[in-house]
Amino acid sequence: MMSRYLRAAIAFLSAIDGNPDFSRVLEDNDVFFQDRLAFACRFLNDTELSLFLETKSQFHVQHGDLNGLICSGLSSSCVPVLKSFLDRTGDIQTVAIICAMVAADQEAEWLNECINVYRNVLDRWRLWSFRAKFDIARGSFQRSSVAVGGHISAACRHCRQSLALCDFPTQRSSGRLYRTQISVAPISASSRLRVQGCLSCKKPLPRCSICLISLDCASSAPQRWQQNAVDVQTLRGTANLLDKWLSWCVVCHHSAHAEHLEKWFQSHTVCPVMGCGCRCNQYNNDISSG
């Protein structure tokens, strides 16, 4: 019998010519969903990927499939999947264990209700030691969990520390690695705080692959760095600061200034780094529009 992944590989190779149709791979339920999701993230465009995620999320909710947690994460978005799974299987233990790890405010009442039902079941069965272990593990997890902010920040390629200014104490800002150019109004292209290196390991940022100048990471300064508030209307009509920002390819990881990459790919199809050969613009459609 042919391996499911060998069958998927053959389906992929037969679909890459002409107008690629990867439905045979994406709809093959014998292949693990996490592998099909990774395949979709790699080969589908944004529109097709959004449609795939929406379709599969609805499927998982309708069928009570816990694979939907891969898409929703352990947040309030996973509650519909858990409710459907509980209605289909009655497995309160699995649901309670997952609820104990979910950080959600909107569905907190339902999550706590599932946990309390499971605890009461253990008490009725006189499994007090298991209930105590469950409570201890849940408390330990809650104490060790750290809230994750809703943002993404660049990290140093040497020490992997964040380059976000808000992650460093104020007193460390006086080092040579910073050049402060903050004015009140009007905001110009030079009116920003630029990170020229990592405050943790003191290594410089990589150089632009095109102009070979060190990449300054433009940053919106934390509130404690700003002396005066700037009206939102002042921001309109100003120079596009994104042109000077660090941009990189998600495939080959080579980086350059955004405006340089935009101009480069107007007349080239491969990465500006000699010998790379990566077709960066094919996988990074948002670079030229940023």
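The following refers to the structure shown. Keep in mind the model is a prediction, meaning the values are calculated, not measured.

### Digging into the overall build of the protein chain
- Counting its secondary structure elements, the protein chain contains 12 helices and five strands.
- When burial is assessed residue by residue, the protein chain has 32% of its 290 residues classed as buried.
- As displayed, the protein chain has an accessible area near 18,600 Å², and 53% of this comes from carbon and sulfur atoms.

### Quick notes on a nonpolar patch on the surface
- A cluster of nonpolar side chains, contributed by Leu 74, Ile 97, Met 101 and Phe 141, occupies part of the molecular surface with about 310 Å² of accessible area.
- Inspection of the secondary structure assignment puts Phe 141 in helix H9 (residues 128-144).

### Description of the nonpolar core
- Among the nonpolar cores identified, the biggest contains 20 residues, and Leu 82, Val 95, Cys 99, Trp 110 and Cys 114 are the most heavily contacted of them.
- Elements that contribute at least two residues to this core include exactly helix H6 (79-89), helix H7 (92-99) and helix H8 (108-124).
- It is H8 that contributes the most residues to this core, six residues altogether.
- Setting aside residues up to four positions removed in sequence, Cys 99 forms contacts with Leu 82, Trp 110, Leu 111, Cys 114 and Ile 115.
- By size, the runner-up hydrophobic cluster in this structure holds 15 residues, among which are Ala 8, Ala 15, Leu 44 and Phe 52.

### As for the packing of H8 against H9
- H9 packs onto H8 with a crossing angle of 150 degrees between their chain directions and a minimal axis gap of 8 Å. When the interaxial angle is binned, H8 and H9 end up roughly antiparallel. The chirality of how H8 crosses H9 is left-handed. Contact residues: Ile 115, Tyr 118, Arg 119, Leu 122 and Asp 123 in H8; Trp 128, Phe 130, Arg 131, Phe 134, Asp 135 and Arg 138 in H9.
- Class assignment of the residues belonging to the contact of H8 with H9 gives a composition of six nonpolar, no polar and five charged.

Thresholds, definitions, all that
Per chain, residues are indexed from 1 in the order of the written sequence. Given that this is a predicted model, residues contribute local features only at a pLDDT of at least 70 and side-chain atom pairs are listed and counted only at 80 or more, while totals for whole chains, interfaces and linings are drawn from all residues. Where side-chain values are given, they derive from all heavy atoms of the structure, hydrogens and water being excluded. Secondary structure counts use DSSP, requiring at least four H or I residues in a row for a helix and at least two E residues in a row for a strand, with both numbered from the N terminus. Residue exposure (1.4 Å probe, protein chains only): buried if accessible area is under 20% of the type maximum, exposed if over 50%, otherwise partly exposed. For every accessible area listed, the method is Shrake-Rupley and the probe measures 1.4 Å; residues are considered covered only by the protein chains on display. Think of a patch as exposed residues, more than 30% relative accessible area, with no salt bridge, where like charges cluster within 9 Å and nonpolar side chains (Val, Leu, Ile, Met, Phe, Trp, Tyr) cluster within 5 Å. For salt bridges, the criterion is a side-chain nitrogen of Lys or Arg within 4 Å of an Asp or Glu carboxyl oxygen. The set of buried Ala, Val, Leu, Ile, Met, Phe, Trp, Tyr and Cys residues whose side-chain atoms join them within 4.5 Å is what this entry labels a nonpolar core. Pairs of residues are marked as contacts when any of their non-hydrogen atoms sit within 4.5 Å. For helices, the axis comes from a line fit to the C-alpha atoms of the stretch in contact; other axes are also lines fit to C-alpha atoms, and the angle between any two N-to-C directions lies between 0 and 180 degrees. An angle counts as roughly parallel when it lies under 35 degrees, as roughly antiparallel when it exceeds 145, as roughly perpendicular when it falls between 65 and 115, and as oblique in every other case. Less than a right angle of anticlockwise turn of the near helix away from the far helix marks a crossing as left-handed, whereas a clockwise turn marks it as right-handed. Any residue that is not Ala, Val, Leu, Ile, Met, Phe, Trp, Tyr, Cys, Pro, Asp, Glu, Lys or Arg is counted as polar, Gly included; the first ten are nonpolar and the last four charged.

The analysis is restricted to geometry; functional conclusions fall outside its scope.
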